[in-house]
Structure formats: C-alpha cells, structure tokens
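Breakdown of the fold
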Amino acid sequence: MKEVTPISGFSKLSKEAKMEWLIQNFTGEPDTALNMLKGYWHQQPEVQKLHDEFIENTISNYYLPFGVAPNFLINNELYAIPLAIEESSVVAAAAKAANFWLERGGFKAEVLGMTKVGHVHFIWNNDAATAVDLIHLFEDKKQRFFDATDDITKNMRQRGGGILALDLVDKTHAEPDYYQIEVKFDTRDSMGANFINSCLEAIAKEWKSIVSEAQNLGDVTVVMSILSNFTPECLVRASVSCKIDDINEGSGIGNQEFADKFVRAIRIASVEPYRAVTHNKGIMNGIDSVIIATGNDFRATEACAHAFAAKDGRYTSLTHGEIRGDEFHFWLELPLSIGTVGGITSLHPMVKFAHELLGNPSAEELMKIIAVAGLAQNFSAVRSLITSGIQKGHMKMHLLNILNQLEATEEEKKIIVEYFKDKVVSYSATVEAFSKVRGGALSQKSNS
Ligand code: MEV
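My aim in this report is to walk through the structure given alongside it, one point at a time.

Cut-offs applied
- Residues numbered from 1 in each chain as written.
- Predicted model: local features only at pLDDT ≥ 70, side-chain atom pairs only at ≥ 80, totals over all residues.
- Heavy atoms only, no water.
- Helix = DSSP H or I, 4+ residues; strand = E, 2+ residues; numbered from the N terminus.
- Areas by Shrake-Rupley, 256 points an atom, 1.4 Å probe, with all protein chains shown as cover.
- Lys, Arg positive; Asp, Glu negative; His and termini not counted.
- Charge placed at Lys NZ, Arg CZ, Asp CG, Glu CD.
- Pairing = 2+ DSSP bridges.
- Axes fitted to C-alpha atoms, helices over the stretch in contact; angles between N-to-C directions.
- Contact = heavy atoms within 4.5 Å.

1. A short note on the overall build of the protein
Helix and strand counts for the protein stand at 17 helices and 10 strands. Looking at the protein as shown, the accessible area adds up to about 23000 Å², and 52% of this sits on carbon and sulfur atoms. Seen as two clouds, the 44 positive and the 57 negative side-chain charges of the protein have centres 6 Å apart.

2. A look at the sheet that holds strand 10 (residues 327-335)
In a beta sheet, neighbouring strands are held together by backbone hydrogen bonds and run either parallel or antiparallel to one another. The 4 strands are arranged 3-8-10-9 in an open sheet whose pairing can be described as antiparallel. Taken across any chain shown, the strands that pair with only one partner, and hence form the sheet edges, are strand 3 (108-111) and strand 9 (319-324). The average undirected angle you get between the axes of adjacent strands in this sheet is 20°. As paired elements, strand 9 and strand 10 share 6 bridges and run antiparallel to each other. If you follow Arg 324 over to strand 10, its bridge partner there is Glu 327. The strands touched by helix 11 (residues 298-309) are strand 8 (235-243) and strand 10; relative to strand 10, the strand with the most contacts, the crossing angle is about 120°.

3. Observations regarding the environment of Ala 80
Among the secondary structure elements, Ala 80 is positioned in strand 2 (residues 77-84). Separated by 13 residues in the primary sequence, Ala 80 and Gly 67 place their C-alpha atoms 10.0 Å from one another. Once residues lying within four places of it in the same chain are set aside, the contact partners of Ala 80 are Val 68, Ala 69, Pro 70, Leu 357 and Leu 358.

Distances and angles like these do not, on their own, reveal function.
Right, here's the structure in full:
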C-alpha cells in the first residue's frame with residue numbers, strides 16, 4: 001500500500017481529477033486502471049451524465065448482468081421476468097421453475113396489504129401529568145396533523161393514498177420516557193420513503209407546538225422522525241399447487257416421495273435457523289434480482305424480509321409447504337415495500353426497460369411478480385437439493401466463470417463444456433481439462 005495523505009475537497013474535484021488522484025495513490029498500474037474505469041463509461045455522454053448524478057463522487061459504472069427468465073404464468077398472464085444478479089444458476093433456476101409450473105397451472109399471487117409505517121420517536125417526562133393526559137391531548141388535536149401535512153399529501157391523496165392513521169404509543173415499558181407517534185401510510189405506486197419522512201418531520205414539528213401550547217404538559221424532545229423499513233402490513237403472497245400425481249419432475253424419484261421430501265425440507269427450514277438462513281437466501285436470490293432490475297431498494301427489502309422471518313421470536317422459513325389429500329401446496333408470504341414510480345424508475349434506461357418488459361406494472365402487480373420470482377427460486381433450489389444435489393447444476397453454470405478466470409479462448413471453452421457434459425465439474429477438474437486442451441491432449445475429437 002502506498003503512503004497516502006488525506007485529501008480535502010475530493011467531492012469538488014472534476015471526475016478526471018478524482019480518478020487521477022485515486023489511480024496515482026492506490027493502484028500499481030495507473031494507466032491500466034484508468035483505461036479500465038473509462039472502459040465502463042457509457043458511450044453516450046448524456047446517459048453517462050445521468051449515471052454520474054445518481055450518486056456522489058461517481059468515477060465509473062459497476063455493471064451487473066441483466067438476464068431474463070421467460071414463461072412465468074402469473075394469475076393467467078405470461079411474463080418474462082428481468083433479473084439483475086452476478087450469481088450463476090439463479091436465472092436458469094428461475095426459468096426452470098417457470099417452465100415447470102407453466103404446465104401445471106402457473107403461479108397465483110395476491111397482495112394482502114399495502115400499508116407502510118413511520119414513527120416520530122420522542123421523549124417526554126412531566127411530574128404534573130400522566131401519559132393519559134398526553135394521549136388525550138393527542139387525540140383532541142389530531143386534525144392538526146392532517147392540516148400540517150396538507151400540502152405534502154395533496155398529490156398522494158389525489159392518487160388515492162395518504163395518511164391512514166396516527167396513534168400515540170406509550171413505549172416507556174421498553175425505554176424510560178420513550179413515546180412514539182406511529183403513522184400509517186398508503187403510498188400507492190411509489191415506495192414513498194421521501195413522502196413518509198417529509199410527513200413525519202411536519203408531524204413532529206406540529207406535535208412540539210401542540211404540547212408547548214397546552215402549557216401544563218411541559219415539552220417533548222423529538223429524537224428522530226423516520227419511516228420503518230419493517231412493513232409487515234405491506235404483504236404479498238405467491239403460491240403454486242398441483243395434484244401429487246402431476247408432479248412428474250423427471251429426476252427419477254417418485255411423485256409422492258418428491259412431495260414428501262419437499263415438504264419435509266420446508267419444515268426443516270421452519271424449525272432450524274441454520275437451514276432457514278440459507279433457504280431464505282435462495283428466496284432472496286430471486287427477489288433481489290428483480291428488485292435491482294426494477295430500480296428498487298434491495299437493502300430495505302432484505303432488512304424487512306429477515307425481520308419478518310424472525311417476527312415470532314425465532315428465525316424461520318419464508319416459504320411454506322403442505323400436502324393436502326392428493327395435492328401439493330407451496331407458498332411464500334413476505335412484506336415488500338417497492339415502487340413503480342419515483343426514484344430511478346423513470347431515469348435509469350435499463351430500469352425503464354425492465355418495467356416495460358413487465359407491462360409497466362403498478363406497485364401491487366410488481367409485488368406479485370417479485371414474490372413469484374422468490375417462490376420460483378426456492379422451488380428450484382429445494383427441488384435440486386432433494387434430488388440431484390445443488391452442485392450438479394450449479395457447477396455446470398459455474399464452469400464458464402472458471403474458464404473465464406483461466407482466460408480460455410472461445411474454442412477452448414467449447415471443447416471443455418462439451419467434455420463436462422457427462423462429468424462432475426469441480427475447480428481442479430476444470431483446470432486439469434483446461435491444461436490438457438492447451439497442451440493439445442484434449443480436443444473436440446478426443447471428447448466424442
Ligand atoms: C445459493 O445461492 C442458494 C441456495 O443455497 C439456496 C438453498 O440452499 O435453498 C441453493
């Protein structure tokens with residue numbers, strides 16, 4: 001590591017000057033690094049400018065592959081789902097599950113709620129009054145919160161959303177003198193983070209005035225006003241079902257055995273947190289990929305999903321499976337707070353394309369599509385785990401990554417992929433095959 005002195009005013013430097021400072025101070029081969037960074041700039045300067053302005057201190061772009069899984073039948077409509085992800089196998093797994101369920105009635109999905117929530121967290125302690133007095137005052141003056149947010153909520157109300165409810169909650173059992181105003185929102189097709197936070201800040205200001213005007217209650221200290229990314233009432237459910245006799249999934253295992261083993265695997269994820277985390281990670285492979293492709297916030301989605309998975313005090317599976325008589329049922333329920341307007345949805349060209357591909361869905365429609373992608377991903381993962389094992393398919397997909405790492409030529413890749421058609425892929429076996437191809441010991445001919 002070179003010795004570097006701290007820089008002041010980095011954000012004010014031009015993009016070129018920022019790059020120059022970075023490559024000179026932190027890279028071994030400045031010219032190579034510079035060319036690489038510039039190589040990822042968009043060829044159209046106006047599109048690059050757009051990207052530059054999404055965040056701060058932008059020097060280049062970070063690409064993720066953008067794949068598509070077609071043939072998703074959801075509530076009798078056919079979708080091609082866009083997925084942005086770096087991990088091999090995820091898109092293939094989604095496409096495989098889509099085809100499997102296409103022949104068995106497709107996926108069903110429904111939105112169970114669209115309510116989002118935020119809080120004004122405040123401190124209050126007054127010797128001359130009780131929490132009941134504070135709650136009375138709050139209820140008495142409630143209209144003032146609607147008046148104070150009238151300007152902010154006007155457009156949202158026109159679209160059918162806005163503030164749904166306000167409650168004063170006594171939290172002193174959890175933290176001394178701690179109270180909150182809990183506000184419920186409907187933000188229609190927008191994720192609504194800015195809208196919610198603006199409303200909460202206006203509500204906090206109004207509440208301070210209300211309490212100080214009352215004179216006998218002292219003052220409240222507002223600690224913070226912020227939305228919650230935990231949205232258990234913004235909930236979606238995706239499901240599949242079929243007759244056990246119709247499973248015929250093709251790996252040689254019988255239909256009843258497959259169904260029993262599948263449901264057992266889900267129950268293991270329900271009772272064993274070590275398995276549940278990996279199980280849910282697989283679900284999030286599907287969910288995050290669509291979240292990212294459609295320009296939504298994957299950090300909020302992840303935080304919320306895992307909090308929901310632990311809502312009853314123990315981390316558990318987000319999917320559920322059951323055999324009912326001669327039927328196999330499999331479903332996912334999770335909260336998803338997403339938007340189809342605002343943010344980068346109308347700015348990022350790839351995000352715009354993803355929305356177009358999905359028929360420019362409303363937030364409710366997109367919630368269903370995303371949940372289905374999660375369920376499909378989990379179906380494929382569990383299906384592989386209980387039949388062939390996960391590595392067979394996974395390593396086949398990973399083979400190209402290994403060959404790219406080894407800088408194999410297109411011709412070499414072709415020979416090696418063909419070679420592994422009926423063999424188990426591993427890193428060492430790939431290196432060995434690659435050496436043989438380079439050395440001429442393995443050719444198209446010797447493979448066949
Ligand atoms: C890999 O990214 C995801 C899986 O581990 C999920 C699972 O085990 O269910 C395959």
